[in-house]
Amino acid sequence: MAEAENDNLVFLKKTGCKDAECLRQLTVTKILQSIPWVEYPAWAAEDLCDLPQKGKHVGPLPVVDGYVVPFAPLDIWKEKKEGYSDVPYVIGTTLQETEFAPVFANLSVWTDETYCWFVKARLNTFEKSLADEALDLYRTSEFCTQPERCVEKTYMTMVSDLRASCPNNELAKQAAAVLSSPVYRYQITYTPSRPVRLNNLFSYESWFSFHMLDTLGFFGTLDYSLGETTKADHDFQKLIRKYFIHFAKEGRMPSEWPEYPDGTALLSTSLSVEKDYRSAQCALWEKYNMFPYAWIN
């Protein structure tokens, strides 16, 4: 609580208020102008869809106050504290989760040389060996089914693994270790038939398995988002609906989708399962203690 109060001093100082009555009378405009969007706790951090820089963290929005939120959620699981809900649990990410709002608008025209330069510029702020090992694991040749954008796909996969996918593997492991209910993990690997602009807040047209693609598929809104869809788009939507409606009805997935960590379900136009999906990449980020730079809110 004391830490949260200290973080919120940034906001308080910007408002110029000295008491709660003043805060209650602030206009919407003044509130928006006072919020620490960029400086810590950085509620609108500009690099959440990019590789991190050492020491540049984002503060959490939820406050572990010891009362409403008595402990950090992961600590409740790790220490098996009383009060958590033991219910069936599904944890999912998309392979290029961060591609809905990349920092660099010219990402689609990057060369291999540019890609290597940016990776080193970001990750060398940690240890030089990290950048070299990352470039060895994330080769652009892995994603060259669309050669003109394979560099973009590689970079966004690297960022997404670090910021979202690998940390969520850790979340799933901790849930599976504690809960008696089934825990499932999935990764969306489907690439839509055409680029998608997520909404009016984000001007970038996403080409790959971007943030919220699973949601669009489940609610059948790819027709709206894409403007025109293909049979493959429809097959992806049917697959998403099939498994999640089954889960909602039965409280577990069908037998072909194993519980985690026995397998991760890869969802595209069909389902496939891998035992240790992208384990080498995730081991790299864990080795260099990069999980504190994950999406935490």
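First, a word on scope: everything that follows refers to the structure included in this document. Everything quoted here is computed from the prediction, not taken from an experiment.

1. Quick word on the overall build of the protein chain
Then, number 1: Within the protein chain, the regular secondary structure consists of 11 helices and six strands.
Then, number 2: For the protein chain, the C-alpha radius of gyration of 21 Å lies close to 19 Å, the compact-globule estimate for 297 residues.
Then, number 3: Seen through its principal axes, the protein chain has C-alpha atoms that stretch 60 × 50 × 45 Å.
Then, number 4: Expressed as a percentage of the 297 residues in the protein chain, the buried residues total 42%.
Then, number 5: For the protein chain, contacts bridging at least 24 residues in sequence account for 66% of all contacts bridging at least 6.

2. Things to note about the sheet that holds strand S1 (residues 89-94)
Then, number 1: The sheet built from four strands is open, its strands ordered S1-S2-S5-S6 with mixed pairing. Each of the sheet's edge strands pairs with one partner strand only, and the pair in question is S1 and strand S6 (271-274). Between one strand axis and the next, the sheet turns by 25° as a mean value, whatever way the strands run.
Then, number 2: Two strands pair when backbone bridges link them, and S1 and strand S2 (residues 183-188) are joined in this way by six bridges, in the parallel orientation. The residue of S2 that forms the bridge with Thr93 is Gln187.
Then, number 3: Sitting on the sheet, helix H7 (residues 150-178) is in contact with S1 and S2, with an inclination near 170° to S1.

3. So, helix H10 (residues 231-250)
Then, number 1: Under the 1.5 Å per step criterion, the end-to-end length of H10 is 28 Å for 20 residues, consistent within 8% with the ideal 28 Å.
Then, number 2: Within H10, burial applies to Asp233, Phe236, Gln237, Leu239, Ile240, Tyr243, Phe244 and Phe247. Along the axis of H10, the buried positions cluster into a sector of 160°, meaning they face one direction only. Facing away from the buried side of H10, by more than 90 degrees, are the exposed residues Lys231, Lys238, Lys249 and Glu250.
Then, number 3: In the core, the buried residues of H10 are packed alongside S1, S2, helix H8 (213-218), helix H9 (222-226), strand S5 (264-267) and S6.
Then, number 4: Positive phi shows up at Gly251, right after H10, with a value of about 80°.

Conventions adopted
Residues numbered from 1 in each chain as written. Predicted model: local features only at pLDDT ≥ 70, side-chain atom pairs only at ≥ 80, totals over all residues. Heavy atoms only, no water. Helix = DSSP H or I, 4+ residues; strand = E, 2+ residues; numbered from the N terminus. Rg over C-alpha atoms; globule rule 2.2 N^0.38 Å. Buried < 20%, exposed > 50% of the residue type's maximum accessible area, 1.4 Å probe, protein only. Contact = heavy atoms within 4.5 Å. Pairing = 2+ DSSP bridges. Axes fitted to C-alpha atoms, helices over the stretch in contact; angles between N-to-C directions. Expected span 1.5 Å × (residues − 1). Arc of directions from axis to C-beta.

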